[in-house]
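An overview of the molecular structure
This is what each chain is made of:
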Amino acid sequence: MLLKNPQLNRANEEGSALVAVIAVMLVGLLITTVIMTSVVGAVGYTSVARAGVQSQASADAGIAAARVGLMTGTCAAKSGLYASAAGEVPQYRAVIYQSTAGAWVQGCPASSAVPVKIVADGSAQSIGVAGRSANDGSRVEAIFAAAPLVTTITPSGPAIYSYSSTGFGGSGTLSSVSGSVPSVMVRHGDVVCNGSSSGADNFVVADGTLSVDGSCKVRGSIWSSGKTTLTGSADIGGNVVSSGLSMEGSAKVGGSAWSIGQADMPGSSHIVGTLSATKLVMSGSAKISGNVWSPTAPTQSGSAAILGQYLTGTGPQPISAPTVPDWVDFAYKASDWTGFTEKVISGSCDVAVLQAAISTLAGAKGVIDARACTGGLSIGGSSDVAFTNDLVIVANKFDFGGSGSLTSTANARLWLITPDDSDDDLPTCPVGADFSVGGSFSLGSTVSAMIYTPCSVSMASSTQWRGQVFAGKTSMGGSSKLAYVAMGLPGVDLSDGVLASTGGAERPLQSMRDLVG
């Protein structure tokens, strides 16, 4: 009888169990590897998708930044490159190209009328993992068509601006329309207002003296960098601020006066408010109704009187003068007048030629370029030039007189312009050019007219005008009347002389695509 060895059987059984355990471990390891591979792949895929979204958004942000820069006029200062700061989110770098002769050239466009292309690179904030870096950066190209330009003219500027000395005489008057303030501003030179001229709400002489005599009346206030002299029955409704003050005759200041220098008040002159002066000399029946501030005691004779108190301390500060801008050089460019149809006339341009050119506009807004007309433009006798929409007339010389007129059957704006082609902030008048309005020449009740010229403007006799004047030199005399309406010029604020931004209107998006590389 054969006997089995129990130790041998146990060894065989244990070997079989070990094989089974190893097999199970191998299967488990394989499953774990598969799972880990899947997890790593999923994480990589998720990170690359996230990086793609972030880099795309960053590139889009670069497009937006460059587009805003074009509209606000910062392109030139940025050299056509807009980039976020290091470490900033989102991270982008956008470059502007302009269309030049059918090709894209890096640089800033001269105007909104030029198409542009923007190429922007964007970077992801969180880059891809597991070697997945394809979407860490994105490049986007956007092309914008030329903007549909529309001329925007902001009403601005005083009733009369004169770069050099101005004269007001006779019974010339300024009046207000719709509550506007008819101010007179002179940048350089001495100014005289005499006769029975009246109406200016404010008179500002930035670099010179001001003499107001006769029965000249100023409803508002006076500012003069030099001495102000009031004689005769001169009447100032507001305040006077100047470097020295002389009041003679029955001159009157309805407000208060500030004199950086001596104030002389002989005769029956009268200051209704207060006076601040370095020194005060009064005589005759001169009178100050309010207080007087002066470091030295006033000198008084006759029946001259200070009805308020004399004080040695510092008086109230003078009211600040309005800003008188430097000269604005305005050259003629048809592109400034978008929406206007240009017509050019030349040779001997009489009223018939001018009217025929206006008629060809067929009621549309228009520009009549008459710079090539021999002797400029002249409207006289009983001639009437009619138009029906906004009109610009550009010429080197204007001569209006007689009982002539410019009229419109509808409310219309009229710009009469002698261009200043010299970019030097000084009025440069073409040889032989000027602007003269005389006789009983008038504008129709529906017409407001802006005169711009680097030359002299003369309004005399019984001229009737509605609008404003911006000129190298201005004189207003006779019984001429100017009803102030602010009109302005395209691309410039005439109140401070600041040119409009070099940006432009919003360009329509023409195409947008992702680029590779």
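Residues numbered from 1 in each chain as written. Predicted model: local features only at pLDDT ≥ 70, side-chain atom pairs only at ≥ 80, totals over all residues. Heavy atoms only, no water.

Before going further, it helps to spend a moment on empty space enclosed by the protein. Within this structure, the stated rule accounts for 2 cavities of 30 Å³ or more. For the second largest cavity, the calculated volume is near 40 Å³. In terms of lining, the second largest cavity is formed by Arg67, Leu70, Met71, Val116, Phe144 and Arg507. Element by element, the count of residues in the lining of the second largest cavity is highest for helix α1 (residues 6–72), at 3 residues. Here the lining of the second largest cavity is composed, by residue class, of 4 nonpolar, no polar and 2 charged. (1 Å grid on protein atoms, 1.4 Å probe; cavity = no way out; pocket = protein on both sides within 12 Å on 5 of 7 lines; lining within 4 Å. Points joined across faces, edges and corners; volume = space filled by probe spheres on them. Helix = DSSP H or I, 4+ residues; strand = E, 2+ residues; numbered from the N terminus. Nonpolar A, V, L, I, M, F, W, Y, C, P; charged D, E, K, R; others polar.)

Approximately 270 Å³ is the volume found for the second largest pocket. If you go around the second largest pocket, you meet 18 residues; those closest to its centre are Trp258, Ser276, Ala277, Gly315 and Pro316. Of all the secondary structure elements, the ones that give two or more residues to the lining of the second largest pocket are β16 (240–242), β19 (257–265) and β21 (275–282). Counted by class, the lining of the second largest pocket contains 8 nonpolar, 10 polar and no charged residues.

Taken as a whole, this structure holds 4 disulfides when the rule is applied. One disulfide in the model links Cys193 with Cys216; its S-S distance is 1.8 Å. Handedness here is read from the sign of the S-S torsion; for Cys193 and Cys216, about 70°, the answer is right-handed. Of the two residues, Cys193 is situated in strand β10 (residues 191–193) and Cys216 in the loop between β12 (210–212) and β13 (217–224); the sequence distance between them amounts to 23 residues. Residue Cys193 shares its accessibility class with Cys216, and that shared class is buried. Shown here is the disulfide that connects Cys429 with Cys455, its sulfur atoms set 2.0 Å apart. Measuring the twist about the S-S bond at about 100°, one finds the Cys429-Cys455 disulfide to be right-handed. You can see Cys429 sitting in the loop between β34 (412–417) and β35 (435–437) and its partner Cys455 sitting in strand β37 (residues 447–459), a full 26 residues away along the chain. (Disulfide = S-S within 2.5 Å. Buried < 20%, exposed > 50% of the residue type's maximum accessible area, 1.4 Å probe, protein only.)

Bringing the packing of aromatic side chains into the picture now. Taken as a whole, this structure holds 16 aromatic pairs when the rule is applied. With a centroid separation of 6.5 Å and an interplanar angle of 85°, the aromatic rings of Phe330 and Trp337 are classed as edge-to-face. The buried category is assigned to Phe330, whose relative accessible area is 5%. Classification of Trp337 by relative accessible area gives buried; the value is 1%. Among the aromatic side chains, those forming a connected cluster through ring pairs are Tyr161, Tyr163, Trp327, Phe330, Trp337, Phe340, Trp415, Tyr452 and Phe470. (Phe/Tyr/Trp six-rings, centres within 6.5 Å; stacked < 30°, edge-to-face > 60°.)

Moving on, we come to the nonpolar core. Ranked by size, the top nonpolar core spans 74 residues in total, and within it Phe203, Leu377, Phe400 and Trp465 carry the most contacts. Residue contributions to this core peak at 5 residues, all from β37. Discounting residues that sit within four places of it in the chain, Phe400 has contacts with Ile379, Leu406, Leu416, Phe435, Ser436, Val437, Gly438, Phe441 and Trp465. With 27 residues, the next largest nonpolar core counts Val241, Tyr452, Val492 and Leu494 among its residues. (Core = buried A, V, L, I, M, F, W, Y, C linked by side-chain atoms within 4.5 Å. Contact = heavy atoms within 4.5 Å.)

Another aspect to go through is the pattern of salt bridges. What the rule picks out here adds up to 6 salt bridges. The closest approach of N and O atoms between Lys117 and Glu141, which form a salt bridge, is 4.0 Å. Taken together, the residues Lys117 in strand β4 (residues 116–123) and Glu141 in strand β5 (residues 137–144) connect sequence positions 24 residues apart. On the basis of relative accessible area, Lys117 is assigned to the buried category, the value being 13%. In this structure, the salt-bridge partner of Asp326 is Arg187, at a minimum N-O distance of 2.8 Å. Of this pair, Asp326 sits in the loop between β26 (310–311) and β27 (341–347) while Arg187 sits in the loop between β9 (183–186) and β10; the two residues are 139 residues apart in sequence, bridging distant segments of the chain. (Salt bridge = Lys/Arg side-chain N within 4 Å of Asp/Glu carboxyl O.)

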